[in-house]
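Spelled out from the first residue to the last, the chains are:
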Amino acid sequence: LTYTDHFRIGADELPALVMADNHIPFHHADMHERAMEIAENRGIKTLVVCGDLVDNHFLASKTGKPASESDVGGDEAYERVEAVLGEFVKVFRRVYYVPGNHDAWISRVLDATIKFERLARMFMPQAGAQRIKVSRFHYCDVGEWRLTHPKNYGQRSTTVPLRLVEKKGRPVIVFHQHTSGLEFDRGGTIPGVAMGGMMDPSKMLYIQEKDSTNPAWQNEFGIIGKDNILERFIDNRYLTDWKEALA
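Residues numbered from 1 in each chain as written. Predicted model: local features only at pLDDT ≥ 70, side-chain atom pairs only at ≥ 80, totals over all residues. Heavy atoms only, no water.

### Digging into the overall build of the protein chain
Looking only at helices and strands, one finds seven helices and 13 strands in the protein chain. Scored against the burial criterion, the 247 residues of the protein chain give a buried share of 54%. Within the protein chain, contacts between residues at least 6 apart in sequence are counted, and of these 71% link residues at least 24 apart. A total of about 12000 Å² of accessible surface is found on the protein chain, and carbon and sulfur atoms cover 47% of it. (Helix = DSSP H or I, 4+ residues; strand = E, 2+ residues; numbered from the N terminus. Buried < 20%, exposed > 50% of the residue type's maximum accessible area, 1.4 Å probe, protein only. Contact = heavy atoms within 4.5 Å. Areas by Shrake-Rupley, 256 points an atom, 1.4 Å probe, with all protein chains shown as cover.)

Following this line, the structure appears as C-alpha coordinates:
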(Lines give C-alpha, C1' and ligand atoms only; values in the text may rest on other atoms or scores of the structure.)
Protein backbone atom coordinates (compact mmCIF):
# COMPACT_ATOMS: atom_id res chain seq x y z
CA LEU A 1 0.00 0.00 0.00
CA THR A 2 1.43 3.36 -1.04
CA TYR A 3 0.28 6.74 0.27
CA THR A 4 0.54 9.58 -2.25
CA ASP A 5 -0.64 13.10 -2.89
CA HIS A 6 -3.17 14.14 -5.56
CA PHE A 7 -3.02 11.39 -8.18
CA ARG A 8 -1.93 12.28 -11.73
CA ILE A 9 -2.59 9.29 -13.94
CA GLY A 10 -0.83 9.69 -17.26
CA ALA A 11 -1.27 8.24 -20.73
CA ASP A 12 1.04 5.32 -19.91
CA GLU A 13 -1.57 4.04 -17.41
CA LEU A 14 -4.57 4.45 -19.70
CA PRO A 15 -7.09 3.15 -20.51
CA ALA A 16 -8.60 3.35 -17.03
CA LEU A 17 -11.92 2.18 -15.71
CA VAL A 18 -13.46 4.86 -13.48
CA MET A 19 -16.22 4.50 -10.90
CA ALA A 20 -17.37 5.86 -7.55
CA ASP A 21 -20.12 5.78 -4.95
CA ASN A 22 -19.90 2.04 -4.47
CA HIS A 23 -21.29 2.41 -0.93
CA ILE A 24 -20.19 -1.06 0.09
CA PRO A 25 -21.83 -3.08 1.66
CA PHE A 26 -24.80 -1.60 -0.23
CA HIS A 27 -23.15 -1.90 -3.63
CA HIS A 28 -24.79 -3.00 -6.88
CA ALA A 29 -23.34 -6.47 -7.40
CA ASP A 30 -24.44 -6.77 -11.05
CA MET A 31 -22.82 -3.45 -12.00
CA HIS A 32 -19.57 -4.50 -10.33
CA GLU A 33 -19.61 -7.81 -12.20
CA ARG A 34 -20.22 -6.02 -15.50
CA ALA A 35 -17.40 -3.57 -14.87
CA MET A 36 -14.95 -6.35 -14.02
CA GLU A 37 -15.95 -8.39 -17.06
CA ILE A 38 -15.56 -5.45 -19.45
CA ALA A 39 -12.17 -4.59 -17.95
CA GLU A 40 -10.98 -8.19 -18.33
CA ASN A 41 -12.30 -8.45 -21.88
CA ARG A 42 -10.48 -5.27 -22.89
CA GLY A 43 -7.31 -5.84 -20.92
CA ILE A 44 -7.77 -2.68 -18.80
CA LYS A 45 -5.28 -2.66 -15.92
CA THR A 46 -6.00 0.66 -14.17
CA LEU A 47 -8.98 1.32 -11.90
CA VAL A 48 -9.88 4.64 -10.30
CA VAL A 49 -12.44 4.67 -7.46
CA CYS A 50 -13.33 8.32 -6.84
CA GLY A 51 -14.98 8.40 -3.44
CA ASP A 52 -17.51 6.64 -1.23
CA LEU A 53 -16.14 3.18 -1.69
CA VAL A 54 -17.64 2.41 1.73
CA ASP A 55 -20.99 3.52 3.11
CA ASN A 56 -20.73 5.13 6.52
CA HIS A 57 -24.09 3.88 7.78
CA PHE A 58 -22.78 0.49 8.80
CA LEU A 59 -21.00 2.48 11.54
CA ALA A 60 -23.97 4.73 12.22
CA SER A 61 -24.29 3.61 15.82
CA LYS A 62 -20.54 4.19 16.36
CA THR A 63 -20.41 0.67 17.75
CA GLY A 64 -20.39 -1.39 14.57
CA LYS A 65 -23.99 -2.45 15.19
CA PRO A 66 -26.50 -2.07 12.36
CA ALA A 67 -28.36 1.24 12.34
CA SER A 68 -31.58 -0.67 11.68
CA GLU A 69 -32.85 -4.19 11.28
CA SER A 70 -32.06 -4.41 7.55
CA ASP A 71 -28.66 -2.69 7.60
CA VAL A 72 -25.34 -4.49 7.57
CA GLY A 73 -22.88 -3.88 10.38
CA GLY A 74 -19.63 -4.97 11.92
CA ASP A 75 -17.67 -7.91 10.55
CA GLU A 76 -20.07 -8.65 7.69
CA ALA A 77 -19.59 -5.15 6.26
CA TYR A 78 -15.80 -5.43 6.48
CA GLU A 79 -15.94 -8.82 4.78
CA ARG A 80 -17.92 -7.37 1.88
CA VAL A 81 -15.44 -4.54 1.46
CA GLU A 82 -12.52 -6.98 1.48
CA ALA A 83 -14.30 -9.19 -1.06
CA VAL A 84 -14.86 -6.34 -3.53
CA LEU A 85 -11.30 -5.05 -3.14
CA GLY A 86 -10.10 -8.60 -3.61
CA GLU A 87 -11.87 -8.72 -6.97
CA PHE A 88 -10.33 -5.38 -7.91
CA VAL A 89 -6.76 -6.55 -7.34
CA LYS A 90 -7.39 -9.76 -9.27
CA VAL A 91 -8.38 -7.78 -12.37
CA PHE A 92 -6.27 -4.60 -12.13
CA ARG A 93 -2.56 -3.99 -11.68
CA ARG A 94 -3.21 -0.50 -10.31
CA VAL A 95 -6.12 0.60 -8.11
CA TYR A 96 -6.34 4.29 -7.17
CA TYR A 97 -8.59 5.01 -4.19
CA VAL A 98 -9.75 8.62 -3.73
CA PRO A 99 -11.88 9.45 -0.66
CA GLY A 100 -15.41 10.82 -0.64
CA ASN A 101 -17.67 12.23 2.05
CA HIS A 102 -18.62 8.79 3.42
CA ASP A 103 -14.99 7.70 3.71
CA ALA A 104 -14.16 10.96 5.52
CA TRP A 105 -17.16 10.51 7.82
CA ILE A 106 -15.83 7.16 8.99
CA SER A 107 -12.61 8.89 10.01
CA ARG A 108 -14.63 11.46 11.97
CA VAL A 109 -16.59 8.73 13.74
CA LEU A 110 -13.25 7.52 15.03
CA ASP A 111 -12.60 11.05 16.35
CA ALA A 112 -10.05 11.69 13.60
CA THR A 113 -7.50 9.71 15.58
CA ILE A 114 -6.76 7.70 12.45
CA LYS A 115 -6.00 9.40 9.13
CA PHE A 116 -8.05 8.24 6.16
CA GLU A 117 -5.02 6.78 4.38
CA ARG A 118 -4.22 4.57 7.37
CA LEU A 119 -7.87 3.75 8.03
CA ALA A 120 -8.15 2.46 4.46
CA ARG A 121 -5.65 -0.27 5.32
CA MET A 122 -8.33 -1.87 7.49
CA PHE A 123 -10.25 -2.77 4.33
CA MET A 124 -7.36 -4.06 2.24
CA PRO A 125 -7.19 -7.72 1.21
CA GLN A 126 -4.00 -9.46 2.29
CA ALA A 127 -3.23 -10.49 -1.27
CA GLY A 128 -2.62 -7.62 -3.69
CA ALA A 129 -2.74 -4.75 -1.21
CA GLN A 130 0.45 -3.33 -2.74
CA ARG A 131 -1.54 -2.61 -5.92
CA ILE A 132 -3.85 -0.19 -4.09
CA LYS A 133 -2.81 3.44 -3.72
CA VAL A 134 -4.70 5.80 -1.44
CA SER A 135 -4.93 9.59 -1.51
CA ARG A 136 -6.21 12.07 1.06
CA PHE A 137 -7.32 14.39 -1.77
CA HIS A 138 -10.91 14.11 -2.99
CA TYR A 139 -9.93 14.54 -6.63
CA CYS A 140 -7.42 13.23 -9.17
CA ASP A 141 -6.29 13.79 -12.76
CA VAL A 142 -6.79 11.02 -15.30
CA GLY A 143 -5.27 12.02 -18.61
CA GLU A 144 -6.80 15.39 -19.45
CA TRP A 145 -9.79 14.83 -17.16
CA ARG A 146 -10.28 16.04 -13.59
CA LEU A 147 -12.24 13.46 -11.57
CA THR A 148 -13.67 14.77 -8.33
CA HIS A 149 -15.87 13.93 -5.36
CA PRO A 150 -16.69 17.54 -4.42
CA LYS A 151 -18.28 19.16 -1.41
CA ASN A 152 -21.10 20.53 -3.53
CA TYR A 153 -24.26 18.74 -4.57
CA GLY A 154 -26.85 19.99 -7.04
CA GLN A 155 -30.40 18.85 -7.68
CA ARG A 156 -29.72 19.59 -11.34
CA SER A 157 -27.09 17.02 -12.26
CA THR A 158 -24.90 19.28 -14.41
CA THR A 159 -24.78 22.40 -12.21
CA VAL A 160 -21.66 21.38 -10.26
CA PRO A 161 -19.79 19.84 -13.24
CA LEU A 162 -20.37 22.95 -15.34
CA ARG A 163 -19.16 25.30 -12.63
CA LEU A 164 -16.02 23.23 -12.15
CA VAL A 165 -15.37 23.16 -15.91
CA GLU A 166 -15.54 26.95 -15.97
CA LYS A 167 -13.27 27.17 -12.92
CA LYS A 168 -10.69 24.60 -14.04
CA GLY A 169 -10.81 25.17 -17.81
CA ARG A 170 -10.70 21.43 -18.49
CA PRO A 171 -13.09 18.48 -18.79
CA VAL A 172 -14.46 17.35 -15.44
CA ILE A 173 -16.24 14.23 -14.17
CA VAL A 174 -18.20 14.80 -10.98
CA PHE A 175 -19.28 11.98 -8.68
CA HIS A 176 -21.11 12.22 -5.33
CA GLN A 177 -24.49 13.18 -6.83
CA HIS A 178 -25.35 9.63 -8.02
CA THR A 179 -26.94 11.08 -11.17
CA SER A 180 -25.90 11.14 -14.82
CA GLY A 181 -25.65 14.22 -17.00
CA LEU A 182 -23.61 16.13 -19.57
CA GLU A 183 -23.27 19.82 -20.33
CA PHE A 184 -20.67 21.98 -22.10
CA ASP A 185 -18.97 25.21 -21.17
CA ARG A 186 -20.14 28.50 -22.70
CA GLY A 187 -17.91 27.93 -25.69
CA GLY A 188 -19.55 24.56 -26.30
CA THR A 189 -16.30 22.58 -26.37
CA ILE A 190 -15.35 21.43 -22.83
CA PRO A 191 -17.64 18.81 -21.26
CA GLY A 192 -18.80 18.69 -17.67
CA VAL A 193 -19.99 15.19 -16.78
CA ALA A 194 -22.09 14.01 -13.86
CA MET A 195 -21.45 10.30 -13.47
CA GLY A 196 -23.76 7.97 -11.60
CA GLY A 197 -22.61 5.47 -9.00
CA MET A 198 -22.17 1.79 -8.22
CA MET A 199 -24.58 1.65 -5.26
CA ASP A 200 -27.86 -0.23 -4.93
CA PRO A 201 -30.44 2.13 -3.37
CA SER A 202 -32.82 -0.77 -2.71
CA LYS A 203 -30.36 -2.02 -0.07
CA MET A 204 -30.20 1.35 1.70
CA LEU A 205 -32.89 1.58 4.34
CA TYR A 206 -31.85 5.14 5.21
CA ILE A 207 -32.70 6.12 1.60
CA GLN A 208 -35.92 4.12 1.34
CA GLU A 209 -37.38 5.42 4.60
CA LYS A 210 -38.05 8.94 3.26
CA ASP A 211 -39.46 10.61 0.17
CA SER A 212 -37.17 12.97 -1.70
CA THR A 213 -37.48 15.53 -4.47
CA ASN A 214 -33.95 14.74 -5.66
CA PRO A 215 -33.59 13.12 -9.09
CA ALA A 216 -33.54 9.32 -9.28
CA TRP A 217 -30.07 7.82 -8.92
CA GLN A 218 -28.36 6.15 -11.86
CA ASN A 219 -25.88 3.30 -11.92
CA GLU A 220 -22.87 4.05 -14.09
CA PHE A 221 -19.16 3.57 -14.65
CA GLY A 222 -16.87 4.73 -17.43
CA ILE A 223 -13.64 4.14 -19.33
CA ILE A 224 -11.14 6.86 -20.20
CA GLY A 225 -9.03 5.80 -23.16
CA LYS A 226 -5.50 6.71 -24.18
CA ASP A 227 -7.00 9.32 -26.50
CA ASN A 228 -8.88 10.84 -23.50
CA ILE A 229 -12.20 9.75 -24.98
CA LEU A 230 -14.75 8.96 -22.26
CA GLU A 231 -16.95 5.92 -22.81
CA ARG A 232 -19.93 5.70 -20.49
CA PHE A 233 -21.87 2.65 -19.31
CA ILE A 234 -25.19 3.76 -17.84
CA ASP A 235 -27.65 1.13 -16.63
CA ASN A 236 -30.48 2.37 -18.81
CA ARG A 237 -31.99 0.35 -21.63
CA TYR A 238 -32.01 3.38 -23.91
CA LEU A 239 -28.31 4.08 -23.40
CA THR A 240 -26.44 0.81 -22.86
CA ASP A 241 -26.85 -2.54 -24.61
CA TRP A 242 -25.25 -4.83 -22.03
CA LYS A 243 -25.17 -7.83 -24.37
CA GLU A 244 -23.10 -5.82 -26.82
CA ALA A 245 -20.99 -4.21 -24.10
CA LEU A 246 -20.12 -7.57 -22.54
CA ALA A 247 -19.53 -9.39 -25.83
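Alright, that's what it looks like, and here's the rest.
### Here we look at the pairing of strand 11 (residues 191-194)
On strand 11, burial covers both faces: Pro 191 and Val 193 on one face and Gly 192 and Ala 194 on the other are all buried. Pairing of strand 9 (residues 172-174) with strand 11, which is carried by three bridges, proceeds in the parallel orientation. If you follow Val 172 over to strand 11, its bridge partner there is Gly 192. Pairing of strand 10 (residues 181-184) with strand 11, which is carried by four bridges, proceeds in the antiparallel orientation. Bridge pairing in strand 11 links Gly 181 to Ala 194. (Pairing = 2+ DSSP bridges.)

### Looking at the sheet that holds strand 2 (residues 7-9)
Adjacent strands of a sheet form backbone hydrogen bonds with each other and so pair up, either parallel or antiparallel. Within the open sheet, the six strands sit side by side as 2-7-8-9-11-10. Their pairing is mixed. Among the strands making up the open sheet, the edge pair consists of strand 2 and strand 10. Here the average twist between neighbouring strands, direction ignored, is 20 degrees. Packed onto the sheet, helix 5 (residues 159-168) meets strand 8 (145-148), strand 9, strand 10 and strand 11 and runs at close to 150 degrees relative to strand 9. (Axes fitted to C-alpha atoms, helices over the stretch in contact; angles between N-to-C directions.)

### Brief notes about empty space enclosed by the protein
A complete count under the given rule lists one cavity of 30 Å³ or more for this structure. Approximately 30 Å³ is the volume found for the largest cavity. If you go around the largest cavity, the residues you meet are Val 49, Leu 53, Leu 85, Val 95, Tyr 96 and Tyr 97. In terms of residue count, the dominant contributor to the lining of the largest cavity is strand 5 (residues 94-98) (three residues). Per-class residue counts for the lining of the largest cavity are six nonpolar, no polar and no charged. (1 Å grid on protein atoms, 1.4 Å probe; cavity = no way out; pocket = protein on both sides within 12 Å on 5 of 7 lines; lining within 4 Å. Points joined across faces, edges and corners; volume = space filled by probe spheres on them. Nonpolar A, V, L, I, M, F, W, Y, C, P; charged D, E, K, R; others polar.)

### A closer look at the confidence of the model for the protein chain
Of the residues in the protein chain, 82% have a pLDDT of 70 or more, and the chain-wide mean is 86. Predicted confidence is poor over residues 61-70, with pLDDT under 50, and the contacts of this stretch with residues over four places away or in other chains come to twelve contacts. (pLDDT = per-residue confidence, 0-100.)

### Remarks on the packing of aromatic side chains
What characterises a pair of aromatic rings is the spacing of the ring centres plus the angle enclosed by the ring planes. Tallied over the entire structure, the rule returns five aromatic pairs. One Lys or Arg, Arg 34, reaches over the ring of Trp 242 and ends 4.4 Å from the middle of that ring. (Phe/Tyr/Trp six-rings, centres within 6.5 Å; stacked < 30°, edge-to-face > 60°. Lys NZ or Arg CZ within 6 Å of the ring centre and 35° of its normal.)

### What to know about the environment of Gly 192
Following the sequence through the fold, Gly 192 ends up in strand 11. As a C-alpha pair, Gly 192 and Leu 164 span 28 residues in sequence and 7.7 Å in three-dimensional space. Beyond its immediate chain neighbours, meaning those up to four positions away, Gly 192 contacts Pro 161, Val 165, Val 172, Gly 181, Leu 182 and Glu 183.

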